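Here are the chains, one letter per residue:
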Amino acid sequence: MVEDDRVKHWEEQDALLLKHREEAYHIGGEEQLKRLARQGKKPMRELITMLLDPGTEFFELGLDAGYHIGDIKLYGGDIYESEKRGHIPGGGLVTGVGVVHGKDCMIFANENRYAAGTYFPITLKKHMRAQAIAERLRLPCIYIADSGGINLPLQLGCFADDGHFGSMFYNMCRMSAMGIKQYTLSTGGNTAGGAYIVYLASESIMIEKLAFAFLAGPPMVKSAIGETVTMEDLGGAYVHTQHSGGCDHIVKSQEEGIQKLRNIIEFEPAQTLYCERRPAVEPKFDYKEMMRSTPVHTYHAIPIRETLKCLADDSYFHEYKPTYGLARGETIVAGKMWLKGMPVGVIASNANGIIYVEAARKATEWMIRCGNSKLPMIFLQGSPGYMVGQSEEWSGIGKYGSDMVRTCSVLNVPKIQYVIGPDHGAANYGMCGRAFRPVFCYTNMRGRTTVMSGRTAAFVVETVRRKNIVDRGQTVNEEEMAAFRQMMIDRYDAEGHPFLTGALLFHDGAITFSETREKLARSLELCYRVPIGKTDWGDLKV
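All of these numbers come straight from a predicted model, not from anything done at the bench.

(A) Unusual backbone geometry, seen in detail. Ala160 follows Phe159 through a cis peptide bond whose omega is 15 degrees. By secondary structure assignment, the location of Ala160 is in the loop between strand E4 (141-147) and helix H6 (165-177). Not every positive phi belongs to a glycine, and Arg138 is a case in point at roughly 55 degrees. The backbone phi angle of Ala351 is positive, close to 55 degrees, even though this residue is not glycine. Judged by its relative accessible area of 26%, Ala351 falls in the partly exposed class.

(B) Representation of the pairing of strand E5 (residues 182-191). For E5, the buried fraction is high: nine of the ten residues fall into the buried class. As judged from the six bridges shared by E4 and E5, these two strands associate in the parallel manner. Each residue of the ladder has a partner; that of Ile144, found in E5, is Leu185. On the question of chirality, the crossover connecting E4 to the parallel E5 by way of H6 is right-handed. In this sheet, strand E6 (residues 203-207) lies alongside E5 in parallel orientation, the contact comprising four bridges. Bridge assignment links Leu185 to a residue of E6, and that residue is Ile205. Of the strand pairs in this sheet, E5 and strand E7 (residues 212-214) are connected by three bridges, and their pairing is parallel. Within E7, the position partnered with Thr191 by the bridge is Phe214.

(C) Expanded view of the nonpolar core. Ile347 and Phe440 are the most contacted members of the largest nonpolar core, which has 97 residues in total. Sorting elements by how many residues they give to this core places helix H15 (residues 357-372) first, with eight residues. With residues near it in sequence (within four places) discarded, Phe440 still touches Phe59, Leu61, Arg129, Ile133, Leu137, Lys415, Ile416, Gln417, Asp508, Ser523, Leu526 and Cys527.

(D) Local environment of the pattern of salt bridges. By the definition in use, this model includes 33 salt bridges. In this structure, Glu392 and Arg328 form a salt bridge, with 2.9 Å as the shortest nitrogen-oxygen distance. Of this pair, Glu392 sits in helix H16 (residues 390-395) while Arg328 sits in helix H14 (residues 326-329), placing them 64 residues apart in sequence. With a closest N to O distance of 2.8 Å, Glu518 and Lys340 form a salt bridge.

About the thresholds
- Residues numbered from 1 in each chain as written.
- Predicted model: local features only at pLDDT ≥ 70, side-chain atom pairs only at ≥ 80, totals over all residues.
- Heavy atoms only, no water.
- Helix = DSSP H or I, 4+ residues; strand = E, 2+ residues; numbered from the N terminus.
- Buried < 20%, exposed > 50% of the residue type's maximum accessible area, 1.4 Å probe, protein only.
- Pairing = 2+ DSSP bridges.
- Right-handed = clockwise from strand over helix to strand, strands pointing away.
- Core = buried A, V, L, I, M, F, W, Y, C linked by side-chain atoms within 4.5 Å.
- Contact = heavy atoms within 4.5 Å.
- Salt bridge = Lys/Arg side-chain N within 4 Å of Asp/Glu carboxyl O.

See below:
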């Protein structure tokens, strides 16, 4: 495929991604906007825009959550579908980092246009992911709350395990104890456990005759003790600001509530950047050059240096051991660069991405050097896995691959992963997949995250099936076997697609080529909000 055809392909894929996001931005359409207007409410993203400093952008996370989650049977799809909740664009919650009075804050806003802002299992996962990032980076948390609590028909995935509804409040309390402030603006109902979002905040605000907080709403009170009471008299803003003390401030409108939030955040201490930041220099090549050098097929070789020159300031990349191991060391490119004026270490999959012994050694050494230098790292992951076979096993691929995995695990610097191709098996581990706690994790539309490629999985399972058929004394039906083979390939491609992995929050967002440098740079800037500690390497066998 010629380079201009590649550009056209990736522009089409990125357009598809942007269209995919629109559903989350406009969930419920005009009908839901009119419903909010009748209640005197604005949509949550409009409130967030009012909250942020003028001219700053909301750095949204987890936007792909919940899309067609009812189709994903392993994760409770049948339950979602039975309640006609199988498609939840945005996952029922808006999360991301915004700048308020010059301070980066993690913002949570219940999507009250969908199921009254109630929490589904995927909503909780998204909420907890944002809290984990906030805790790691010590970002103040702002909750714009309007939720009916747990979505009762789907309570099985919401209560009462670790990572379920109670963990939201546990995290609030723990962060507060660490000095990470928690602030809540209640703009609607906060029922049952949801009321704790108000009660547990460092400071909370409620809107007169619009916000309510109670452990049990009027119907449950009537059922439990026979008492008849209105929402306002049970848990309205005047109750909790004048009588119970459960809330600190009462305001008359959403606009006044947002201004009160801004007034509170103004007292937050100024944040610093724990690095010496030089002036940013734009790359000599733009994102379209990145498109031109990115093969359409996920499993075709990628010249990763062509991508790096589109990301690095002034297109300068300081490469580590560029000639080590010749072709076998070439499948990982390591080095460092300036990204919007901030230094960052890089490990990137190159060529076919297969990790040989030499590539694993290089990656391990470079992680150690970055850890010792307290340098954050970006992993550009496009590897189908570690090399296999007798020769490679004798050479120590298991040992050196394990060293790479161990080093990635204990590396005590902020890590960011960006999937740019195949993302399979143990390579997902050594290249800092989600289980290895990257602070941020992204993918582009070329990324495919599965245990192995569909072709490999098809071959493995087909081999077993053929043996079982022969052992039973039967004849293999080649047409059926070919159909099975193609089904496995198609299934793995679908299960590894960024839209499906994003629906389950395996990453923090699929991003377009044009966004890549800005997204990675903003993520790195947030990572530098905290001091970087010393790394203890454990029992490395290098």
